[in-house]
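What follows is each chain in one-letter form.
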Amino acid sequence: MSEKTFLALFSDVNPAAEAIAQLREMGMKDEQMQVISGIPFTAPILGRPHPRTNVPRMAMGGALVGFLLAMFFAIGTPNLYPVYVGGQPLIPVPPSVIATFELTMLGMLLATFLGVFLDSRFPSYRPMEYVPAISDGKIGVLFRCTEEESSRWMDALQKLGAESVSPVEAVQL
Amino acid sequence: MAVAAKPLPHAHTHATEGPDPRESLMFDPRPRSLMNAWAMEAMHETSWKFWAVAAFLALIVLVFLVGAWAWMIMEGLGLAGVNRPAFWGVFLVNTVFWIGISHAGTFISAILRVLKVEFRRPFTRAAELMTAFGLIQAGFSILMHMGRVWLSYWLLPYPNQRQLWPNFHSPLTWDFLAITTYLLSSLMYLYLPLIPDLAMARDRSSGWRKRLYRILALGFRGTEGEWEHLRKAMTIFAFAIIPVMFSVHTIVSWDFAMATRPGWSSTIFGPYFVIGALHSGMAAVVVVLFFVRRMKHMKYFVRPEHFDALGKLMLVISMAWAYFFFNDYIVQWYGGDKWTRMLLEYHENGPLGWMWMLMLICNVAVPWLLLWNRRVRRTPWLMAIIGILINVGMWLERYVIVPISLTINRMPFTWRQYVPGIEIPLGIGTLALFILLYMLASRLIPLVPIWEVQEGQMVHSLERVGKTYVPVVKELE
C-alpha cells in the first residue's frame, strides 16, 4: 500500500502539541511524524522525543584537534629548527598558552559550525515537503500514512484544531 | 501559548501607573506574516537617495582606498607619515579602533544572549554585522601598515624555504591568530541565526533574490532537528566567543604593553583596551541603530526603549573606562619615572594636548553629563550624536596611545612629532567601505532577526499582581 505525506497546519502551539499527543494515542509512531515551525520549540513543549544532536561532540572534537595543532605549532615547530635567542627558553610556556587558547577555540567553533551542517544535512537543495506558511509562524505537523488511513487522521486532526490538513508534495524550496 | 503572541487585552486600562507596556516591542506583538513583510520591504524598497549615497561612498572607496593604496604600493611606505621615532601611526590607530568597534556585536549578541537580556533581540544582527565589517577594516589597516602587502602570506603558519616556521611566541603571531579566530567565529556566529531568516526571505522572493536566498538558506525548513542543532550551536558560540572577544583586544593591547616603553608598559592595558573596545562598540551600535530606524517599518522594531537600555549600558561602560584610564594614569604618574612623567606632560600640554583633553570630554564628560537623563537616552538622534562623539573620543584615545606616546622615548635626539600622510585618505576609505558594506548588506539580509523577535514576544506576557499588571518572561528552554 502506498504511503503519502500529509501536512496539518496549526497557528497555535497548544493544539499542535495536543494533536501530536492524540495522534500518538491513536497509534501513530513518533517516527511517522515530524514538526516544522518558524520558531524553535523544544521537545518537551511539543511532547516529542528529544532530537539527537552531535553538535556538542563535534565541538569537543574540534577543540581537541585545535589543541593538538596548537601544540604542534607552539612546541613542535621550535624543535624542528631550534633557534636559541639570548638565553631565552626555546619553548616558553606563557606565550604558548596564547596560541593554544586561540587555536583550541578556533577548532571548537569551526567544528560546531560544521556540526550544524553535518547534523542537519545542509546544504540540501532537493525537493522537500514544505509550505511558506511555516515561516509566517504556523506550526506544521508532517505525517506519513496510507491513503486508506488518511481520512481517519485528517478528521482527527481537524477536530483537534488544525487549520488545514492536506496531502503535501515535495517541492523545490 | 500562542505562536503569534496575543495582543494585550486589558492590561493598559488596569495599569494605573508607569509607561504603557505597548511601548515595548515585546509587548506589542504583530502577526509574523506582517513582520516578515516589513523586513522584506525594508530590503526591497530603496530610494534614489540610497543609491546616490552608495555611489558616492563607492567613489570614495575607489579613490581613497583602492587608488591611494595602489599608489602606496607603487611608491612605498614613505608616503605615510611614519618615521623615527613613531613607526606606528594611523594605520595601527585604525586597526585598534576597528577591532574595538567589532566588539559590540559579540557583546550585544553573545553576552546579552547568555545573560538572557531580552531587549537585545531586534538588533543583535545589526551589531553582529558591525563586528564582521569592522574586522574587515581592521584587517585592511594591518595590511596597509605592513607596507609590502604582497608578503603578508609570511604570517601564515607554514615553514619557509629554510624550514624555519613563524615564531608562535611573538605578539605579532598572537595578533594574527586572535584576529583570524575572531573574524571567522564572528562570521559563523552571524550566519547561524541568519539561516531561518534567509529561509523566510527565500519563501517571499523571486528572481535572483530567490536563487541567492535558496543557496544561502541551505534548504532550511525549521524541522525539530534543524532547530535543535542550530540552538545547540548558537549556545556553544555564545559562550565560546566571549573569551575569544576578550582575548582579541587583550592581545592587541599586549602589542603595546609587552614593550618596556614609557606609557605602554602597563599590566592593566588588557582590560583597559577591552573596556575601551566595548565603549566605542556600543556607541557605534547606537549610531547604526539610528540609521537602521530610518529604514521603512524599522521604527516598529527599533524603539526608544532600545536606545534607553543601550544608553544605560554606555553610561556604565563609560564609568568603567574612566576607572581603568585613571588606574593606568595614576600608577604611571605616581611612579615618578622621568621619561614617563615627560610623556604624560606631553600628552596633556604638548602640541596635541587638545586631543588628550577632547578624548576625556568625549569619553567621560559627554556620557556622564547626558546619559543619566532618561529623556536623552530615549531620543534617538541625541543618542546618535553621543555615539559619534564617543567614537571620536575613542579614536583619539588610540591616537594618544600610539603615535603620540611613541614621540617621547628615552632618546631625546629622536623626538619628532608624527604627521600622518597617506594614512588620512586611506582611513577615510576604510570608513567609507564600512558604511558601504553595511548599506549593501541592509538590502540583502534582514537586519532584524524576525524569528528571535517573535520568540521573544511569545515568552513575554503581563500578569496581574494586586491592582496592576507586571511583565513576566517565560523560560522556554
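Within each chain, residues carry numbers counting from 1 in the order of the written sequence. In the order they appear in the text, chains get letters beginning with A and ligands get numbers beginning with 1. Restriction of local features to residues with pLDDT of at least 70 applies here, the model being predicted, together with a cutoff of 80 or more for giving and counting side-chain atom pairs; totals for whole chains, interfaces and linings are based on all residues. Excluding hydrogens and water, the side-chain figures rest on all heavy atoms present in the structure.

Trainee: Honestly, empty space enclosed by the protein in this entry has me stumped. Any pointers?
Mentor: Take a probe with the size of a water molecule and roll it over the atoms, and the empty space left behind shows itself. Residues and elements named next belong to chain B. Only protein atoms enter the 1 Å grid used here, on which a cavity is any set of points holding a 1.4 Å probe that cannot leave and a pocket is any open set flanked by protein within 12 Å on both sides along at least five of seven lines; residues with an atom within 4 Å of a point are listed as lining. Grid points are joined across faces, edges and corners, and a volume is the space filled by probe spheres set on the points. Throughout the structure, instances matching the rule amount to five cavities of 30 Å³ or more. Approximately 180 Å³ is the volume attributed to the largest cavity. Taken together, 17 residues line the largest cavity, and the ones lying closest to its centre are Phe-325, Asp-328, His-347, Val-400 and Ile-401. Helix numbering and strand numbering both begin at the N terminus, where a helix is a DSSP run of H or I of at least 4 residues and a strand a DSSP run of E of at least 2. Secondary structure elements with two or more residues in the lining of the largest cavity: helix 10 (269-292), helix 12 (304-335), helix 13 (338-349), helix 14 (353-370) and helix 16 (380-407). Under the scheme applied here, ten amino acids are nonpolar (Ala, Val, Leu, Ile, Met, Phe, Trp, Tyr, Cys and Pro), four are charged (Asp, Glu, Lys and Arg), and all others, including Gly, are polar. For the lining of the largest cavity, a count of residues per class yields 11 nonpolar, four polar and two charged.

Trainee: How should the sheet that holds strand 5 (residues 164-167) of chain A be read in this particular structure?
Mentor: One key point about sheets: their strands pair by backbone hydrogen bonds, in either a parallel or an antiparallel sense. Residue and element names in this part refer to chain A. Taking strand neighbours across the sheet as the criterion, the four strands line up as 2-4-1-5 in an open arrangement whose pairing is antiparallel. Because the sheet does not close on itself, it has two edges, and the strands there are strand 2 (33-37) and strand 5. Between one strand axis and the next, the sheet turns through 25° on average, direction left out of account. As paired strands, strand 1 (residues 3-10) and strand 4 (residues 139-146) are joined by eight bridges and run antiparallel to one another. Pairing of Ala-8 across the sheet is with Val-141, part of strand 4. In this analysis, two residues are considered to be in contact whenever any of their non-hydrogen atoms come within 4.5 Å of each other. Between the N-to-C directions of two axes lies an angle of 0 to 180 degrees, each axis being a line fitted to C-alpha atoms and, for a helix, fitted only over the stretch in contact. Sheet strands touched by helix 1 (residues 13-25): strand 1, strand 2 and strand 4. Its angle to strand 4, the strand with the most contacts, is close to 20°. Strands strand 1, strand 4 and strand 5 of the sheet are contacted by helix 5 (residues 147-159), whose axis makes an angle of about 150° with strand 4. At least two bridges found by DSSP between two strands is the condition for calling them paired.

Trainee: Please clarify how the interface of chain B and chain A should be interpreted in this entry.
Mentor: Frequently, the measure chosen for interface size is the accessible area removed from exposure when the parts meet. On the chain A side, the residues contacting the 61 residues of chain B number 68 residues. A 1.4 Å probe defines the accessible area here, and the buried area is the portion of it lost by two parts on being joined, summed over both. Of the roughly 5700 Å² buried at the junction of chain B and chain A (both faces included), carbon and sulfur atoms supply 69%. Summed over the three residues of chain B that lose the most area to chain A, namely B:His169, B:Arg221 and B:Glu224, the buried surface amounts to 15% of that side. Salt bridges, as used here, are contacts in which a Lys or Arg side-chain nitrogen is within 4 Å of a carboxyl oxygen on Asp or Glu. One can count two salt bridges joining chain B with chain A. A salt bridge links B:Glu224 to A:Arg48, with the nearest nitrogen and oxygen atoms 2.6 Å apart. What qualifies as a polar contact is a pair of N or O atoms within 3.5 Å, subject to a donor-acceptor requirement within protein and to the restriction that residues adjacent in sequence count only when both atoms come from side chains. The interface formed by chain B and chain A includes 21 residue pairs in polar contact (both at pLDDT 80 or more).

Trainee: Is there a simple way to explain a nonpolar patch on the surface in this structure?
Mentor: All names here are of chain B. Patch membership requires over 30% relative accessible area and the absence of a salt bridge. Like charges are linked within 9 Å, and nonpolar side chains (Val, Leu, Ile, Met, Phe, Trp, Tyr) within 5 Å. Computed by Shrake-Rupley with a 1.4 Å probe, the accessible areas treat only the displayed protein chains as cover when residues are assessed. Residues Leu-59, Leu-62, Val-63, Phe-64, Val-66, Ile-424 and Ile-428 make up a contiguous nonpolar surface patch of about 590 Å² in total accessible area. Elements with a minimum of two residues in the nonpolar patch: helix 3 (48-75) and helix 17 (423-444). When residues in the nonpolar patch are grouped by element, the largest group, five residues, is from helix 3. Relative to the helices and strands, Ile-424 resides in helix 17.

Trainee: Explain the layout of surface pockets to me, please; I cannot follow it from the model alone.
Mentor: Residue and element names in this part refer to chain B. Taken as a whole, the largest pocket spans an internal volume of roughly 1200 Å³. Of all the secondary structure elements, the ones that give two or more residues to the lining of the largest pocket are helix 3, helix 4 (90-114), helix 10, helix 16 and helix 17. Element by element, the count of residues in the lining of the largest pocket is highest for helix 17, at 12 residues. When its residues are assigned to classes, the lining of the largest pocket shows 25 nonpolar, seven polar and six charged. The element best represented in the lining of the second largest pocket is helix 6 (residues 171-191), accounting for eight residues. In terms of residue class, the lining of the second largest pocket is built from 20 nonpolar, eight polar and two charged.

Trainee: I keep staring at unusual backbone geometry and nothing clicks. Help me out?
Mentor: Keep in mind that most residues, glycine aside, have a negative phi and that most peptide bonds are trans. For the bond running from A:Phe122 to A:Pro123, omega is -10°, close enough to zero to count as cis. For A:Pro123, the position within the fold is in the loop between helix 4 (93-120) and strand 3 (128-129). Here the bond from B:Arg84 into B:Pro85 is cis, since omega is 5°, no more than 30 degrees from zero. Following the sequence through the fold, B:Pro85 ends up in the loop between helix 3 and helix 4. With phi around 65°, B:Leu218 is a residue other than glycine that occupies positive phi space. Residue B:Leu218 is classed as buried on the basis of its relative accessible area of 6%. Although it is not a glycine, B:His297 sits at a positive phi angle of roughly 70°. As for its position among the elements, B:His297 is in the loop between helix 10 and helix 11 (298-301). Only protein chains enter the accessibility calculation, which uses a 1.4 Å probe. A residue is then buried if its area is under 20% of the maximum for its type, exposed if over 50%, and partly exposed in between.

Trainee: What exactly am I supposed to notice about the nonpolar core here?
Mentor: The nonpolar side chains of soluble globular proteins are, as a tendency, buried together. Throughout, nonpolar core names a set of buried Ala, Val, Leu, Ile, Met, Phe, Trp, Tyr and Cys residues whose side chains join them through atoms within 4.5 Å. A:Phe143 and B:Phe301 are the most contacted members of the largest nonpolar core, which totals 191 residues. The greatest single-element share of this core, amounting to 17 residues, is contributed by helix 9 (residues 224-257) of chain B.

Trainee: Whenever I open this one, the pairing of strand 2 of chain A confuses me. Can you help?
Mentor: It is a general feature of regular strands that their side chains alternate between the two faces of the sheet. Residues and elements named next belong to chain A. Among the five residues that make up strand 2, four are buried, leaving the element largely enclosed by the rest of the structure. Pairing of strand 2 with strand 4 involves five bridges; the strand directions are antiparallel. For Ile-36, the partnering residue across the bridge sits in strand 4 and is Gly-140.

Trainee: Help me out: how do you make sense of the confidence of the model for chain B in this one?
Mentor: Parts of the model with low pLDDT should not have their predicted coordinates read in detail. Residues and elements named next belong to chain B. Averaged over all residues, the pLDDT of chain B is 92; the fraction at 70 or higher stands at 96%. Residue-level confidence of the predictor is summarised by pLDDT, bounded by 0 at the bottom and 100 at the top. Model confidence for chain B, summarised as mean pLDDT per element, is weakest for helix 1 (residues 11-14) at 48 and strongest for helix 14 at 98. Across residues 11-15, confidence stays below pLDDT 50; counting only partners more than four residues off in sequence or on other chains, it has nine contacts. Scored as a complex, the prediction yields pTM 0.93 and ipTM 0.95.

Trainee: What exactly am I supposed to notice about the pattern of salt bridges here?
Mentor: Counting across every chain of the model gives 22 salt bridges over all chains. Several salt bridges converge on common partners, so that one network encompasses A:Arg24, A:Asp30, A:Arg48 and B:Glu224.

Trainee: Looking at this model, I keep getting lost on the packing of helix 5 (residues 124-146) of chain B against helix 17 of chain B. Mind explaining?
Mentor: The relative placement of two packed helices comes down to the angle between their axes together with the axis-to-axis distance. All names here are of chain B. Axis separation between helix 5 and helix 17 bottoms out at 10 Å; the angle between their running directions is 150°. Considered as vectors, helix 5 and helix 17 are oriented roughly antiparallel to each other. Considering only the axes of helix 5 and helix 17, their crossing is right-handed. Along its contact with helix 5, which presents Ala-126, Ala-127, Leu-129, Met-130, Phe-133, Gly-134, Gln-137, Phe-140, Ser-141 and Met-144, the element helix 17 presents Leu-426, Thr-430, Leu-433, Phe-434, Leu-437, Tyr-438 and Ala-441. Classifying every residue of the contact of helix 5 with helix 17 by side-chain character gives 13 nonpolar, four polar and no charged. Orientation categories follow fixed angle ranges, with anything under 35 degrees roughly parallel, anything over 145 roughly antiparallel, 65 to 115 roughly perpendicular, and all other angles oblique. When the near helix sits turned anticlockwise from the far one by under a right angle, the crossing is termed left-handed; a clockwise turn instead gives a right-handed crossing.

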